[in-house]
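# Per-entry structural report
For reference, the chains in residue letters:
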Amino acid sequence: MDKIRFGIIGIGAMGSNHVQSFFDEKITDGVLTAVCDIDSKKTEPLQAKGVKIFSSETEMYKSGEIDAVLIATPHYFHPPQAVAAMENNIHVMIEKPAGVYTKHVREMNEVAARSNVVFAIMYQQRTNSDFQKMREMVQNGDIGELKRTNWIITDWYRSQAYYNTGGWRATWKGEGGGVLLNQCPHNLDLWQWICGMPSKVTAFCHEGKWHKIEVEDDVTAYVEYPNGATGVFITSTADSPGTNRFEVTGDKGKLVYENNQLEFFKLKQSEREFNAENTTMFGAPEYKKSTIKTDKQYSAHPGAISAFVDKILNRGELFASGEEGINGLTISNAMHLSSWLGKTIPIPLDEDLFLAELKRRYKH
């Protein structure tokens with residue numbers, strides 16, 4: 001197999017970007033052969049370029065025209081469309097988030113485990129060399145034992161006009177959430193990918209605080225980790241100018257990512273050791289600040305898709321397996337449930353309770 005033949009489901013903003021990546025030949029050994037969307041106005045222009053047009057994903061899966069599919073539809077459709085592809089022996093890459101609720105995603109992952117296809121999720125921010133370096137340094141113990149994480153990610157500004165563009169957008173029944181489900185899945189994924197999964201979540205999700213929407217547009221969450229470390233995650237679509245500052249603190253130092261720059265504050269001595277030995281009233285550990293140099297590579301969506309192709313062709317690894325999509329979603333589900341119930345939510349969370357509470361918020 002020289003080239004992997006792709007189909008794309010959903011030719012909206014994200015799907016259209018993926019279409020263009022194929023036309024611009026940014027996907028290594030991948031070729032676009034089919035698209036599927038219920039809106040013929042979006043697909044008809046592609047027919048003239050030799051792309052097969054389908055209005056049903058089932059027809060596309062059974063057509064013999066594709067080896068792999070990119071799913072870029074509204075969030076609720078990701079699991080069922082992925083499962084149907086797997087059952088037709090089609091390799092699958094889903095857009096973020098993996099789904100709306102973890103019970104649905106877990107069922108998808110179980111099908112993936114039984115299938116022989118490659119399953120990936122579009123966490124393209126993992127292609128960023130700065131985040132890769134942060135993970136390496138945390139995993140290697142360069143900052144010591146984890147003590148604290150803080151991510152202020154409020155540079156997701158969206159005006160009311162943005163929310164007015166689609167009837168499904170910013171609704172519980174159509175999108176399944178707001179800033180946590182639309183803008184922040186990448187941040188939640190990176191947060192857990194670099195620092196690990198929290199064990200408890202307490203969150204305050206303000207719904208329609210700054211916009212005329214029914215879902216959350218302002219979130220402040222507190223988490224605890226299994227080792228006793230703590231973390232704070234703050235996000236909003238109404239701060240302007242916004243902030244993107246990610247701090248990870250351990251007993252041997254601190255990493256700070258801001259303005260596309262990664263800085264390391266390395267302690268001369270472990271804070272815990274210093275604290276035990278220090279005898280002066282206002283003594284503090286000495287540290288050395290340095291800027292961590294990386295190659296600043298960020299291959300983004302084309303890089304993630306090309307890695308997917310490499311995995312199918314048995315010559316490389318994914319940036320993110322599809323099964324990993326449940327991790328960040330677990331955190332956002334816990335944040336929502338904590339806010340709805342007004343209490344701390346342990347992880348793993350009660351998936352049936354979350355789904356019941358979510359459905360109570362559907363507006364018919």
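Located above this text is the structure these notes cover.
Treat the numbers as computed from the prediction; the structure is a model and nothing was measured. (Residues numbered from 1 in each chain as written. Predicted model: local features only at pLDDT ≥ 70, side-chain atom pairs only at ≥ 80, totals over all residues. Heavy atoms only, no water.)

### Quick word on the pattern of salt bridges
- For the structure on display, the rule yields 21 salt bridges.
- With its nearest N and O atoms 3.0 Å apart, the salt bridge here joins R5 to D67. A residue pair is termed long-range when its members are at least 10 positions apart, and R5 in strand β1 (residues 4-9) and D67 in the loop between α3 (57-62) and β4 (68-71) qualify at 62 residues.
- Residue R5 is classed as partly exposed on the basis of its relative accessible area, which comes to 30%.
- Residues E214 and K363 are paired through a salt bridge, measuring 3.9 Å at the closest nitrogen-oxygen approach. Of the two residues, E214 sits in the loop between β8 (200-207) and β9 (216-224) while K363 sits in the segment after α13 (351-360), which places them 149 residues apart along the sequence.
- E214 sits in the buried class, given a relative accessible area of 18%. (Salt bridge = Lys/Arg side-chain N within 4 Å of Asp/Glu carboxyl O. Helix = DSSP H or I, 4+ residues; strand = E, 2+ residues; numbered from the N terminus. Buried < 20%, exposed > 50% of the residue type's maximum accessible area, 1.4 Å probe, protein only.)

### A closer look at the side chain of H91
- Structurally, H91 is set in strand β5 (residues 91-94).
- A polar atom in the side chain of H91 sits 2.9 Å from the backbone nitrogen of V118.
- Residues within four places of H91 in sequence aside, it is in contact with D67, A68, V69, N116, V117, V118, F308 and I312. (Polar contact = N/O pair within 3.5 Å; in protein donor to acceptor, adjacent residues only side chain to side chain. Contact = heavy atoms within 4.5 Å.)

### So, the nonpolar core
- If you look at the biggest cluster of nonpolar residues, it comprises 83 residues, and the most contacted ones within it are V69, W191, F233, F246, M335 and L358.
- In this view, F233 contacts W151, I153, L180, C184, N187, L188, W191, V219, T220, A221 and M335; residues no more than four positions away in its chain are not counted. (Core = buried A, V, L, I, M, F, W, Y, C linked by side-chain atoms within 4.5 Å.)

### As for the sheet that holds β9
- With mixed pairing, nine strands are arranged side by side in an open sheet as β14-β13-β12-β11-β7-β10-β9-β8-β15. Each having just a single partner strand, β14 (287-291) and β15 (345-346) make up the two edges of the open sheet.
- Both β9 and strand β10 (residues 230-236) contribute to a ladder of seven bridges, which runs antiparallel. Across the sheet, V219 pairs through a bridge with T235, a residue of β10. (Pairing = 2+ DSSP bridges.)

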